[in-house]
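An overview of the molecular structure
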Amino acid sequence: MSYAPQGQQHQPHGPGGDASPPPHGDPYGPWEPEQPEPPRRRGRRRLVAGVAVLALAGTAAGVMAHYEIPPFTDKGSSVSFGQGGGGKGSGQGGSGAQQPANSRMLMPTGPAADFKNSMTLADGTHVAVTTLDGKKSGFKGKVWVWAPKEYNDPKFAKSGFPVMIALPGGAGYPNNYWMGTDLGLQTSISKWYAEGKSKPFLLAMPVLNPGPDDKGVYWDGSDIPGQPKMGTWLTEDVPDLMKANFRTVKSRDGWAFMGSSTGGFAGMKAVLKHPDKFKAVIASGPDIVPDSSLWKGHDKEKAENNPELLAQHLIDSKGPDVYIAFQVGDSESNKKTLPDVQKFVAAFGNKGPVHTSLRVIPGGRHNAKTYVPSMGEGPIQYISKVMEGPVE
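In short, a report on the structure. (Residues numbered from 1 in each chain as written. Predicted model: local features only at pLDDT ≥ 70, side-chain atom pairs only at ≥ 80, totals over all residues. Heavy atoms only, no water.)

Moving on: the overall build of the protein chain. For the protein chain, the helix and strand inventory stands at 9 helices and 12 strands. Counting over 392 residues, the protein chain shows a buried share of 47%. Long-range pairs, those at least 24 residues apart, make up 69% of the contacts in the protein chain with a sequence separation of at least 6. When the accessible surface of the protein chain is summed, it comes to about 19500 Å², and 54% of that surface belongs to carbon and sulfur atoms. (Helix = DSSP H or I, 4+ residues; strand = E, 2+ residues; numbered from the N terminus. Buried < 20%, exposed > 50% of the residue type's maximum accessible area, 1.4 Å probe, protein only. Contact = heavy atoms within 4.5 Å. Areas by Shrake-Rupley, 256 points an atom, 1.4 Å probe, with all protein chains shown as cover.)

Structure, rendered in structure tokens:
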């Protein structure tokens, strides 16, 4: 807006849009009619303005995607993982098809779970979450799942994939930290498979405990009398969820655990206690014996969940074979962790059906960021060699 000196006013524009000249003696100089801007300059300015608008829009979209503001994110959208309606025999690569009796692959049994996208990885795969109402344990909690890109590859459309149940350390509630992409578990499995080191595992990432680690209370991934049946949750309900929604492997040769700290203990114990269902585990910096304060007064049940006693029982009964890949940092915060694992390996490892390997991580500490890269230096190869999948 322009302003005339006090006491003077510019005349209004005429009906045709032309400005009338100001009064004689206007101190702002002689009046000249407004000239149209040259087309080239006008086009250049419009181009610059358009680019600026697009840049601002792109920045805004990126910010809104980062903060997960719809519609700039697909978080929360439904993910089917190829399920075709949730009935028995549904699922990508064979919906409605008859499965040969001698097939080693198990078609999704249904019903399909209500999976919601938690995050989308760079390769287009999804980490999705559902709330599982455990029919056998009676416990209701969250489970995150992930399928490698090979699962939707037409080459594997009629193949069952191996499952790895990944358990966190600490409380493992309300989240399972393996579901986050910052630790790189999903991308590492894809990389290791491409390098010929690993099977293309499906991942199941359930909560480990029924509540927060309040004042050191945890449940040892076990069915402690009078408490939520977390052992049944991990070894029955979570596998049932995977069988219902994915093409899996019928035999125990397609089922494994991995875990760190308390999750390493729970995974190792699950394999030793249920060798008919699970074949292998990667146990990183694990506890070796149950030590929850909730076992007080339940010595018999505590013994039934003790990996040392379970390993000896498996040796005495001569099988079936299980494979435990230990990895422990040489700079763990708990100085007993490495000696305890070494003692277990010396007492039970490679004696009859209990097969073990131990990788000591140079400079390794008690955390997931130490354990994931190290898995590719031996542990993932160790269990992958004895597991099956993809299978038809």
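Here the narrative resumes, following the displayed structure.
Once that is clear, we can look at helix α3 (residues 230-245). Since one α-helical turn is 3.6 residues long, residues separated by three or four positions face the same way. With 16 residues, α3 ought to run about 22 Å at 1.5 Å a step, and its terminal C-alpha atoms sit 21 Å apart, in line with that. Within α3, 13 of the 16 residues are buried, leaving the element largely enclosed by the surrounding structure. (Expected span 1.5 Å × (residues − 1).)

Turning our attention to the sheet that holds strand β7 (residues 202-206). The strands that make up a sheet pair up through hydrogen bonds in the backbone, lying either parallel or antiparallel. Overall, mixed pairing links the 10 strands, which are arranged β1-β3-β4-β5-β7-β6-β9-β10-β11-β12 in an open sheet. Only two strands of the sheet have a single partner each, and these edge strands are β1 (78-79) and β12 (354-361). Bridging between strand β10 (residues 280-284) and strand β11 (residues 322-329) involves 5 bridges; their strand directions are parallel. Paired with V281 across the bridge in β11 is I324. Set on the sheet, helix α2 (residues 185-194) makes contact with β4 (126-133), β5 (140-146), β6 (163-167), β7 and β9 (255-260); between it and β7 the angle comes to about 160 degrees. Sitting on the sheet, helix α4 (residues 262-273) is in contact with β6, β9, β10 and β11, with an inclination near 155 degrees to β9. (Pairing = 2+ DSSP bridges. Axes fitted to C-alpha atoms, helices over the stretch in contact; angles between N-to-C directions.)

Another point: the packing of aromatic side chains. In this structure the tally under the stated criterion is 12 aromatic pairs. A ring pair is formed by Y177 and W178, whose centres lie 5.1 Å apart and whose planes are at 65 degrees; its orientation type is edge-to-face. Taking the relative accessible area as the measure of exposure, Y177 reaches 31% and is therefore partly exposed. Look at W178 and you get buried, because its relative accessible area is 0%. (Phe/Tyr/Trp six-rings, centres within 6.5 Å; stacked < 30°, edge-to-face > 60°.)

Turning to its location among the elements, T248 is positioned in strand β8 (residues 248-249). Classification of T248 as buried rests on a relative accessible area of 0%. Each residue touching T248, except ones within four places of it in the same chain, is listed here: R104, M105, L106, G160, F161, V163, L202, M242, K243 and W255.

From the geometry alone we can't say anything about function, so treat these as descriptive.
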